[in-house]
Amino acid sequence: MPEIMDIAARLDDAARNATATPQLEDPLTLDDAYRVQAASLGRRYQRGENRVGIKMGFTSRAKMAQMGIDEMIWGRLTDQMLVEDGGSIDFSAYVHPRVEPEIAFVLKAPLAGKVTPAGALAAVGGIAPALEIIDSRYKDFKFSLTDVVADNSSSSSFVVGPWTDPAADISNLGMILEIDGQPVQIGSSAAILGHPLRSLVAAARLADSAGEPLKAGDIVMAGGATAAEHLAPGQHVRLLVQKLGRVEFSVRA
């Protein structure tokens, strides 16, 4: 479908060049928005990037109600999006960068279709504190739900901390997001669907339905535990998660 490919190219160019693009003129269906996302990421794969997992979005019941939806959204992660723990990002490489505190899973076995939380946990090789740098490519930060999905659900970069044994209880871990040493968001892993494992269960189902089932080695970002914080040049961002440790990065001008 030419329109799908045209929108995909437009959004891919906006992300690659860190240049804002206007909100889409004609509303997309949710299915078409995911087709745009897949086509846009297909361009990245052609340039040599590799899919390494997925990120989940709208993992807060309140956020879903606010948006009038009953399903989470998701986006694809590539190896070029991964930022080393303790590393740095260039502010100029983003349009509207924000950061969210999250929990990440890495799989030791494939996980596809409808699974139970226990089944999902059995496929997990490690759990880590993580930070997602989200970035809408739309001008003036104006967009609809399907605009966001088409734009890879605002996925941009992610940072993963040290991996911990998956036997750790992550149902209600305290999480403190700091910028330049000052707490800016305080929350709990319970804010992620009541338990981050529920996000992993949903990820297995959604990725499988798109024909891209989760495989061993994939990383799944469970979704934001608090509201996102704006980023600015010169900042140092750190997340402290009870029992799991810390993860951090800096923002270069």
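Please refer to the structure higher up on the page.
Each value, and the rule that gives it
Residues numbered from 1 in each chain as written. Predicted model: local features only at pLDDT ≥ 70, side-chain atom pairs only at ≥ 80, totals over all residues. Heavy atoms only, no water. Pairing = 2+ DSSP bridges. Helix = DSSP H or I, 4+ residues; strand = E, 2+ residues; numbered from the N terminus. Axes fitted to C-alpha atoms, helices over the stretch in contact; angles between N-to-C directions. Salt bridge = Lys/Arg side-chain N within 4 Å of Asp/Glu carboxyl O. Buried < 20%, exposed > 50% of the residue type's maximum accessible area, 1.4 Å probe, protein only.

Draft legend 1. Geometry of the sheet that holds strand β4 (residues 88-90). Strands sit in the order β4-β13-β12-β8-β9 across an open sheet of five strands; the sheet is mixed. Looking at strand neighbours, the two that pair on one side only are β4 and β9 (182-188), the edges of this open sheet. The sheet shows a mean angle of 20° between the axes of neighbouring strands, taken without regard to direction. With six bridges connecting them, strand β12 (residues 236-241) and strand β13 (residues 245-252) associate as antiparallel partners. Each residue of the ladder has a partner; that of L240, found in β13, is R246.

Draft legend 2. View of the pattern of salt bridges. In total, this model carries 16 salt bridges according to the counting rule given. Put simply, D151 and R137 hold a salt bridge, and the shortest N to O gap is 2.9 Å. In this pair, D151 sits in the loop between α5 (145-150) and β7 (155-160) while R137 sits in the loop between β6 (124-135) and α5, placing the two residues 14 residues apart along the sequence. Just as D151 is buried, R137 falls in that class too. In this structure, E178 engages R238 in a salt bridge whose closest nitrogen and oxygen atoms are separated by 2.7 Å. Of this pair, E178 sits in strand β8 (residues 174-179) while R238 sits in strand β12, and the two are 60 residues apart along the sequence. The exposure class assigned to E178 is buried, which follows from its relative accessible area of 9%.

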